[in-house]
Amino acid sequence: MGDDRRLAAVVALAQGMAAAHTPQDSWRAAALGACRALAGTFAALSVWERELGLLRVLVNVGDRAADEEEFPEAEAYPVHRFPEITEFLHERWITGGEPNAWVETADGGAAGEPGYCHQRVAALRRRGRGSCVVAPIVLHGRAWGELYVARSTGAPVFDRADADFATVLASVVSAGLAQTERLEEVRRLAFTDALTGLANRRAVDVGLEEAVERYRREGTVVSLVVCDLNGLKRVNDTLGHAVGDRLLERFGSVLSLCGAMLPGALAARLGGDEFCLLAVGPPADDVVKVADELCRRAGELELGDGVACGVASTGDPVGPVRSARRLFRLADAAQYRAKAEHAARPVVAGREGPDDPVVRLADAPDTPDGGTGAERRRFRGRP
């Protein structure tokens, strides 16, 4: 491959990773870009999980064997079977060298070090591949994993120039992975409450919109638990905001624990002393039981005065739920009633007959002064 074609391949790989929206997209773009750049028939990207001592495959692309999934859930290999990822890299670094790629063939080592690796050679033979080039990936100054590109039996064997080019590609992949990490951190911060580590209001807005759309398409039960932590102002006024923050963190932990009782539930802090759980799938009765447990545990906290909790679910007779906003209003109205009545247990919308006061409150027209007929929180910026 000429210099111009290789430069174009490097640019294409970098652009592919830059355009990725998720880590999986980034992994796939890296493997595909390297496979094309090196005229391979198969490529994989793997990460070294130090704490587990495993080389875990993130993605397989190209001509995959029967046992190779594109995004495998459990394809991992003990690192001791591939000592070069630790020993070889270490030796190169302590002598001041860079971690270069190397080539192996179905007949043994071909170009570069560390040479023959029984596990890799056996894999090449088993899967009908004639040679492979392995390029270590270094991220933040540490061995992160490896880029692996193979050619089928009968294709030209990788040579030293290919190994050198693979080293360059691994550097480009490393830069792309670093960018993906930064973007993921930005996304995480955008949807995470800084104090409690729970999801934030933005995450609830997005999740609730998607959940209600799924309910409308498939009938999947969607439930929302909205709760207000009682006594926070008193704690702030008498003991200070640092203690109040600890109360919020402690309740956030309780909410997370209870949310774990509902598969896939999203635990969030809406802001101030207001929290919620969003559950998609579990029956309404299961959600109410968890809300009851949440109230009980909140009442046992050392500080504060328990929690006012309201529940609304499409699994209960609450009328048509055509929008996320209506389900939110129902849960909010239930929580408002629990607050007004100093209820020790959750108030559930739709469970008091055809003239349920919570449903009537949620469906009442908004009042100009923001009284009990109005939703007390804004939903996606709309009053």
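The coordinates are above.
Residues numbered from 1 in each chain as written. Predicted model: local features only at pLDDT ≥ 70, side-chain atom pairs only at ≥ 80, totals over all residues. Heavy atoms only, no water.

Q: Can you help me understand the side chain of Glu293 in this one?
A: Inspection of the secondary structure puts Glu293 in helix 9 (residues 284–299). If we skip the residues at most four places from it in the chain, Glu293 touches Cys258 and Met261. (Helix = DSSP H or I, 4+ residues; strand = E, 2+ residues; numbered from the N terminus. Contact = heavy atoms within 4.5 Å.)

Q: Help me understand the nonpolar core, please; the structure alone is not making it clear to me.
A: Nonpolar side chains in soluble globular proteins generally cluster together in the buried interior. Residues Leu45, Val133, Leu169 and Val173 are the most contacted members of the largest nonpolar core, which totals 38 residues. Listed by contribution, the elements that provide at least two residues to this core are helix 1 (3–18), helix 2 (23–37), strand 1 (42–49), strand 2 (54–62), strand 6 (129–139), strand 7 (142–152) and helix 5 (160–190). Considering every element that reaches this core, the biggest residue donor is helix 5, with nine residues. If sequence neighbours within four positions are ignored, Val173 has contacts with Leu13, Met17, Ala30, Leu45, Ile137 and Leu147. Grouped together as the second largest cluster of nonpolar side chains are 32 residues, Ala211, Val212, Ala334 and Leu361 included. (Core = buried A, V, L, I, M, F, W, Y, C linked by side-chain atoms within 4.5 Å. Buried < 20%, exposed > 50% of the residue type's maximum accessible area, 1.4 Å probe, protein only.)

Q: Would you take a moment to explain the packing of helix 8 (residues 241–259) against helix 9 for this structure?
A: Each packed pair of helices is defined by two parameters, the angle between the axes and the distance between the axes. Relative orientation of the contacting elements helix 8 and helix 9 amounts to 150 degrees, with a least axis distance of 10 Å. Classified by the angle their axes make, helix 8 and helix 9 are roughly antiparallel. Crossing of helix 8 over helix 9 shows right-handed handedness. Every residue of helix 9 that contacts helix 8 at Phe251, Val254, Leu255, Leu257 and Cys258 is listed here: Val290, Glu293, Leu294, Arg297 and Ala298. Among the residues making up the contact of helix 8 with helix 9, the classes are represented as eight nonpolar, no polar and two charged. (Axes fitted to C-alpha atoms, helices over the stretch in contact; angles between N-to-C directions. Parallel < 35°, antiparallel > 145°, perpendicular 65-115°, else oblique. Left-handed = near helix turned anticlockwise from the far one by under 90°. Nonpolar A, V, L, I, M, F, W, Y, C, P; charged D, E, K, R; others polar.)

Q: I would appreciate a short explanation of helix 8 in the present structure.
A: For the α-helix, the turn length of 3.6 residues means that residues three or four positions removed from each other point alike. The end-to-end C-alpha distance of helix 8, which contains 19 residues, comes to 26 Å, matching closely the 27 Å that a straight helix rising 1.5 Å per residue would cover. What helix 8 keeps buried is the set Val243, Gly244, Leu247, Leu248, Phe251, Gly252, Val254, Leu255, Cys258 and Gly259. Buried residues belonging to helix 8 abut strand 8 (222–229), helix 7 (232–239), strand 9 (266–271), strand 10 (274–280), helix 9 and strand 11 (307–313). (Expected span 1.5 Å × (residues − 1).)

Q: Help me out: how do you make sense of the layout of surface pockets in this one?
A: Any empty space left between atoms is shown by rolling a water-sized probe over those atoms. Taken as a whole, the largest pocket holds about 310 Å³ of empty space. Taken together, 20 residues make up the lining of the largest pocket; nearest its centre are Tyr77, Phe82, Ala123, Arg127 and Tyr148. Examining the composition of the lining of the largest pocket, we find that five residues originate from one element, helix 4 (residues 118–126), more than from any other. Taken together, the residues that form the lining of the largest pocket break down as nine nonpolar, three polar and eight charged. Computed from the structure, the second largest pocket encloses a volume of approximately 180 Å³. Mapped onto the lining of the second largest pocket, the elements with two or more residues apiece are helix 9, strand 11 and helix 10 (324–340). Its residues assigned to classes, the lining of the second largest pocket comprises six nonpolar, four polar and two charged. (1 Å grid on protein atoms, 1.4 Å probe; cavity = no way out; pocket = protein on both sides within 12 Å on 5 of 7 lines; lining within 4 Å. Points joined across faces, edges and corners; volume = space filled by probe spheres on them.)

Q: Got a minute to help me understand helix 4 in this structure?
A: Considered for burial, the residues of helix 4 that qualify are Arg120, Val121, Ala123 and Leu124. One face of helix 4 carries all of its buried residues, which in axial projection span an arc of 160 degrees. Within helix 4, the exposed residues directed more than 90 degrees away from the buried face are Arg125 and Arg126. Gly128, located one to two residues past helix 4, shows a positive phi value of around 70 degrees. (Arc of directions from axis to C-beta.)

Q: How should empty space enclosed by the protein be read in this particular structure?
A: As enumerated under the stated definition, the model contains two cavities of 30 Å³ or more in all. Of the volumes computed, that of the second largest cavity is approximately 40 Å³. Lining the second largest cavity are Met17, Ala20, His21, Thr22, Pro23, Ser26, Thr180, Leu183, Glu184 and Arg187. Listing elements by their share of the lining of the second largest cavity, those giving two or more residues are helix 2 and helix 5. Split into classes, the residues belonging to the lining of the second largest cavity amount to four nonpolar, four polar and two charged.

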